Amino acid sequence: MGGADFVNVLYSKFLTYDPDNPSWEGRDRFFLDPGHMSPMLYSVLTLADKFSLDDLKQFRQWGSITPGHPERDVARGIENTSGPLGQGHTYAVGAAIAAKFLAAKTGRPLTQKIYAYISDGGIQEEISQGAGRIAGHLGLDNLIMFFDSNDIQLSTTVGEVTCEDTAAKYKSWGWRVVEINGNDADAIENALTEAQANCGSPSLIIGKTIMGKGARKADGESYENKCATHGMPLGEAGASFEKSVENLGGDPENPFRIFPEVEQLYAQRKEELKKIVAQKQTEQEVWAKTNPEKAKKLAFWLSGQTPVVDWAAIQQKPNQATRAASSTVLGVLANQVENMIVASADLSNSDKTDGFLKQTHAITKDDFSGAFLQAGVAELTMACVCIGMSLYGGVIPACGTFFVFSDYMKPAIRMAALMELPVKFIWTHDAFRVGEDGPTHEPVEQEAQIRLMEKLKNHKGHNSMLVLRPADVQETTVAWKLAMENTHTPTGLILSRQNITDLPAKSNRYEEALQSAQGGYVVECDGHADVILLASGSEVSTLVEGAALLRKEGVKVRIVSVPSEGLFRSQPKTYQDSVIIPGKKTFGLTAGLPVTLQGLVGSSGKIWGMESFGFSAPYKVLDEKLGFTAENVYKQVMNLIKN
Ligand SMILES: Cc1ncc(C[n+]2csc(CCOP(=O)(O)OP(=O)(O)O)c2C)c(N)n1
Ligand SMILES: [Mg+2]
């Protein structure tokens with residue numbers, strides 16, 4: 001691989017890590033954007049004693065520790081390799097922000113670097129625009145990125161798809177850019193030395209490299225610079241495996257071999273690292289002794305434990321939109337959770353993340369003590385930056401935008417779920433009730449889509465995501481509590497734009513809303529109910545209004561709020577059956593596709609939902625036209641119980 005010279009120089013001379021403690025937080029980080037190059041990373045990590053030659057021989061096999069695209073395996077030195085091109089280097093941007101933020105918050109000296117490796121694919125992915133812009137704008141001089149510019153990609157040459165001046169592009173975003181021969185070890189070493197000394201801007205090293213360097217055909221002719229070598233073993237791609245290994249100085253009979261001079265180079269580096277790490281740790285200890293309070297805080301943050309928040313004391317104004325209730329909670333979190341960073345994609349005053357912003361200030365190039373990231377209009381970038389902060393550790397990231405634009409973030413949500421990262425996604429304007437903005441802004445199928453992630457298990461066997469759609473202000477407080485307590489998977493909060501009448505309280509609505517922790521619970525029940533009325537979010541209050549009409553006709557109802565189907569289905573069967581009684585007629589109301597509630601309502605019921613895209617009109621008109629009214633609940637339920 002053409003980038004092998006770079007990673008060799010990086011790992012044998014520059015990257016600082018503790019050979020004995022892979023999760024030492026003072027380590028440099030290396031993010032490999034093109035995850036398809038994981039064999040290159042495995043190789044260099046084998047030289048660093050993290051893998052064996054036998055592990056390399058098991059590459060991509062069932063049960064091996066060397067899968068294709070490993071994503072994350074910190075114990076073996078892998079911070080991240082990104083399967084989806086473009087995301088990985090954006091995680092690096094997030095990690096660089098987190099490092100600067102923690103340094104600013106604690107006064108701890110910042111000595112580590114965040115390295116990223118990007119290829120033609122990552123450079124072309126749209127997300128690189130957001131990552132490049134933010135890194136340049138914030139002057140992330142702790143970020144050094146190497147571009148493996150080999151002019152070849154998967155199915156074409158680079159020249160067939162672009163004529164851009166990549167150096168000029170990054171310079172325009174405020175990066176320091178150098179261009180070198182990426183297969184020249186001395187040039188790489190010089191470029192890295194300069195980049196390390198650079199202040200005030202991120203560095204891009206464009207390394208011109210040769211795809212399939214050293215590859216030869218059977219007749220000895222060169223087989224370099226071929227798309228075919230991107231994804232196939234050399235022999236199958238048209239080159240000769242034997243001739244190529246021979247040409248590179250190896251033994252085709254015994255290709256898995258570490259040469260003595262290489263072994264020596266890495267053994268020497270290991271000794272150097274021990275000294276470097278010992279010195280850095282001493283510096284950290286000196287700092288911790290002079291700053292015991294801050295050091296204690298930092299240790300707690302890095303542990304990833306649930307922050308202490310006085311949830312019961314949060315005062316909610318009644319009958320507000322759940323986005324407003326979320327804003328109230330965020331205002332409290334800004335003061336009680338010092339290691340939280342909230343971002344918004346240019347909607348802070350609308351998604352109400354400004355509740356947090358008002359208690360802090362935005363992060364800027366010269367000041368990382370603020371805890372708010374103005375991400376600009378770049379939802380996927382923002383989500384990946386948050387993932388990067390989470391990968392770095394010590395920071396609790398959250399980000400907000402309109403629910404309909406969760407579509408722009410889905411590829412990152414999936415990665416957060418796969419990597420078990422507790423990023424919080426705040427999605428407001430959760431239904432067609434954004435009416436006047438027309439169908440483009442009205443989410444319909446988004447809730448069903450996001451809830452699929454609640455149904456998908458991660459490799460630990462847990463729901464890969466927690467998705468909560470609270471029904472009123474107190475459920476919103478509880479939803480945030482559950483989100484902050486969820487330290488092992490991402491959480492999505494789906495919130496309303498419009499005001500919602502609070503659900504009826506028996507004694508204390510907050511205490512009752514705490515039952516959201518079971519995913520779903522009975523809000524009200526008239527003895528032996530004739531019918532179960534079930535919903536999440538603002539539709540629950542519409543059911544409450546409909547129930548009043550039904551009761552006038554002597555119908556006994558049970559009203560159930562299900563903020564999270566995934567959480568509900570994780571409860572013991574006896575609990576589930578005590579809430580949604582099997583065989584009982586059930587009516588579900590959803591502002592999403594009917595399928596959103598299918599798993600809860602089952603076959604003995606009826607779901608009233610959206611069957612098409614929305615329409616442009618004020619939301620009260622849409623409620624009437626689309627049947628989201630007490631009267632329609634009454635009508636539909638009467639039909640259901642009669643049949
Ligand atoms: C988002 C995304 N789209 C498509 C792919 C499939 N894919 C893997 S590598 C690649 C392009 C490879 O070109 P380059 O990045 O230059 O890597 P090189 O072939 O030079 O190693 C593509 C399209 C992917 N992994 N991620
Ligand atoms: Mg390439």
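Residues numbered from 1 in each chain as written. Chains lettered and ligands numbered in written order. Predicted model: local features only at pLDDT ≥ 70, side-chain atom pairs only at ≥ 80, totals over all residues.

### Notes on the overall build of the protein
Worth spelling out the cut-off: Secondary structure elements follow DSSP: runs of H or I of four or more residues count as helices, runs of E of two or more count as strands, with numbering from the N terminus. In this setup the radius of gyration rests on C-alpha atoms only. A globule is expected at 2.2 Å times the number of residues raised to 0.38. Any residue whose C-beta has 12 or fewer other C-beta atoms within 10 Å is treated as exposed, any with 20 or more as buried, and any in between as partly exposed, C-beta atoms being built from the backbone. Residue pairs qualify as contacts under a 7 Å threshold applied to their C-beta atoms, which are placed from the backbone.
If you tally the helices and strands in the protein, you get 25 helices and 17 strands. Here the protein has a C-alpha radius of gyration of 28 Å; the compact-globule value for 643 residues is 26 Å, and the two agree. The C-alpha extent of the protein, read off along each of the three principal axes, is 90 × 60 × 45 Å. By residue count, 49% of the 643 residues in the protein fall in the buried class. Nonlocal contacts in the protein, meaning residues at least 24 apart in sequence, comprise 75% of its contacts between residues at least 6 apart.

### Some remarks on the packing of helix α1 (residues 4-14) against helix α8 (residues 185-197)
Defined as follows: Note on definitions: angles span 0 to 180 degrees between N-to-C directions of axes, and those axes are lines fitted to C-alpha atoms, for helices only across the stretch in contact. The labels follow the angle: roughly parallel below 35 degrees, roughly antiparallel above 145, roughly perpendicular from 65 to 115, and oblique for the rest. Two helices cross in a left-handed way if the nearer one is turned anticlockwise from the farther one by less than a right angle. They cross in a right-handed way if the turn is clockwise. Lys, Arg, Asp and Glu make up the charged group, whereas Ala, Val, Leu, Ile, Met, Phe, Trp, Tyr, Cys and Pro make up the nonpolar group; the residues left over, Gly among them, are polar.
Running from amino to carboxyl end, α1 crosses α8 at an angle of 55°, the nearest separation of the two axes being 10 Å. By the criterion of interaxial angle, the relationship of α1 to α8 is oblique. Between α1 and α8 lies a crossing whose hand is right-handed. The residues of α8 that touch α1, namely those facing D5, F6, V9, L10, K13 and F14, are A185, I188, E189 and L192. For the contact of α1 with α8, the residue count by class is 7 nonpolar, no polar and 3 charged.

### Let's talk about helix α20 (residues 539-552)
To be explicit about the condition: Multiplying 1.5 Å by the helix residue count minus one yields the expected span of that helix.
In this model, α20 (14 residues) spans 20 Å end to end at C-alpha, consistent with the 20 Å of a helix rising 1.5 Å per residue. Every buried residue of α20 is accounted for by E539, V540, S541, T542, L543, V544, G546, A547 and L550. Looking at the buried positions of α20, the neighbouring elements they touch are β13 (521-525), β14 (531-535), β15 (557-561), β16 (586-589) and α25 (630-642). One or two steps after α20, the chain reaches G554, where phi turns positive at roughly 85°.

### A look at the site of ligand 1
Put simply, the rule is: Here, nearness is defined through the C-beta atom: a residue counts as near a molecule or strand if that backbone-placed atom lies within 6 Å of it.
Neighbouring residues of ligand 1: 16 residues in total, closest S119, D120, G121, Q153 and L154. Its residues placed into classes, the shell around ligand 1 shows 7 nonpolar, 7 polar and 2 charged.

### Let's talk about the sheet that holds strand β1 (residues 29-32)
Through backbone hydrogen bonds, the strands of a sheet pair up, either in parallel or in antiparallel fashion. As a reminder, the rule being used: Pairs of strands are assigned from DSSP output, requiring at least two bridges between the strands.
Read from one edge to the other, the open sheet built from 6 strands follows the order β2-β1-β3-β4-β6-β5, with strand pairing classed as parallel. The sheet is open, and its two borders are formed by β2 (80-81) and β5 (176-181), each paired with just one other strand. Contacts between α8 and the sheet are confined to β4 (143-149), β5 and β6 (203-208), with β5 contributing the most and set at about 170° to the helix.

### Some points on the nonpolar core
Worth spelling out the cut-off: Throughout this description, the term nonpolar core refers to a group of buried Ala, Val, Leu, Ile, Met, Phe, Trp, Tyr and Cys residues whose C-beta atoms join them within 7 Å.
Counting residues in each nonpolar core, the largest one holds 160 residues, and the members touching the most others are I97, I387, L533 and L534. Membership of the second largest hydrophobic core comes to 9 residues, among which are F432, V434, A591 and F628.

### Quick word on the domain arrangement of the protein
Note the following rule: Domain start and stop positions are those given by an automatic or database domain assignment.
We note that the domain assignment places domain 1 (4-211 + 261-274), domain 2 (216-257), domain 3 (311-494) and domain 4 (517-642) within the protein. Taking only C-alpha atoms into account, the centre of domain 2 sits 49 Å from that of domain 3.

### Looking at the pairing of β5
By the bridge criterion, 6 bridges tie β5 to β6 in an arrangement that is parallel. Within β6, the residue paired with I180 across the bridge is G207.

### Digging into helix α16 (residues 410-418)
Along α16, the positions that sit buried rather than exposed are A412, I413, M415, A416 and A417. In this fold, the buried residues of α16 make contact with α4 (87-106), α15 (379-392), β10 (424-428) and α17 (446-455). Just downstream of α16, E420 is the residue with a positive phi angle, here 60°.

### Digging into the packing of α20 against α25
Remark: α20 packs on α25, axes separated minimally by 8 Å, with the N-to-C direction vectors making an angle of 60°. By the angle between their directions, the pair α20 and α25 is classed as oblique. For the element pair α20 and α25, the recorded crossing hand is right-handed. For the pair α20 and α25, contact is made by T542, L543, E545, G546, A548, L549 and L550 and by A630, E631, V633, Y634 and V637, respectively. For the contact of α20 with α25, the per-class residue count stands at 8 nonpolar, 2 polar and 2 charged.

### Focus on the sheet that holds β13
Across the sheet, which stays open at both edges, the 5 strands sit in the order β13-β15-β14-β16-β17 with mixed pairing between neighbours. Every other strand in the sheet has two partners, leaving β13 and β17 (605-608) as the edge strands with one partner each. Across the sheet, the mean angle from the axis of one strand to that of its neighbour is 20°, orientation sign disregarded. Both β14 and β16 contribute to a ladder of 4 bridges, which runs parallel. Note on β16: the bridge partner recorded for A535 is L589.

### Things to note about unusual backbone geometry
Positioned with a positive phi, H69 is a non-glycine residue whose angle comes to about 50°. If you trace the backbone, H69 turns up in the loop between α3 (53-57) and β2. Residues other than glycine seldom take positive phi values, yet D151 does so here, at roughly 60°. Mapped onto the elements of the fold, D151 is located in the loop between β4 and α7 (166-172). D151 gets classed as partly exposed once you count the C-beta atoms within 10 Å, which come to 14.

### Some details on the environment of H462
Turning to its location among the elements, H462 is positioned in the loop between α17 and β11 (466-468). Given 14 C-beta atoms within 10 Å, H462 falls into the partly exposed group.

### Thoughts on the pairing of β14
Spelled out, the test is: Look down the strands so they point away from you; if the path from the first strand over the helix to the second goes clockwise, the crossover is right-handed.
Burial of β14 is extensive: 5 of the 5 residues sit out of reach of the surface. The sheet contact formed by β14 and β15 spans 5 bridges and is parallel. Following the sheet pairing, L534 is matched in β15 by V560. With α20 bridging β14 and its parallel neighbour β15, the resulting β-α-β unit is right-handed.

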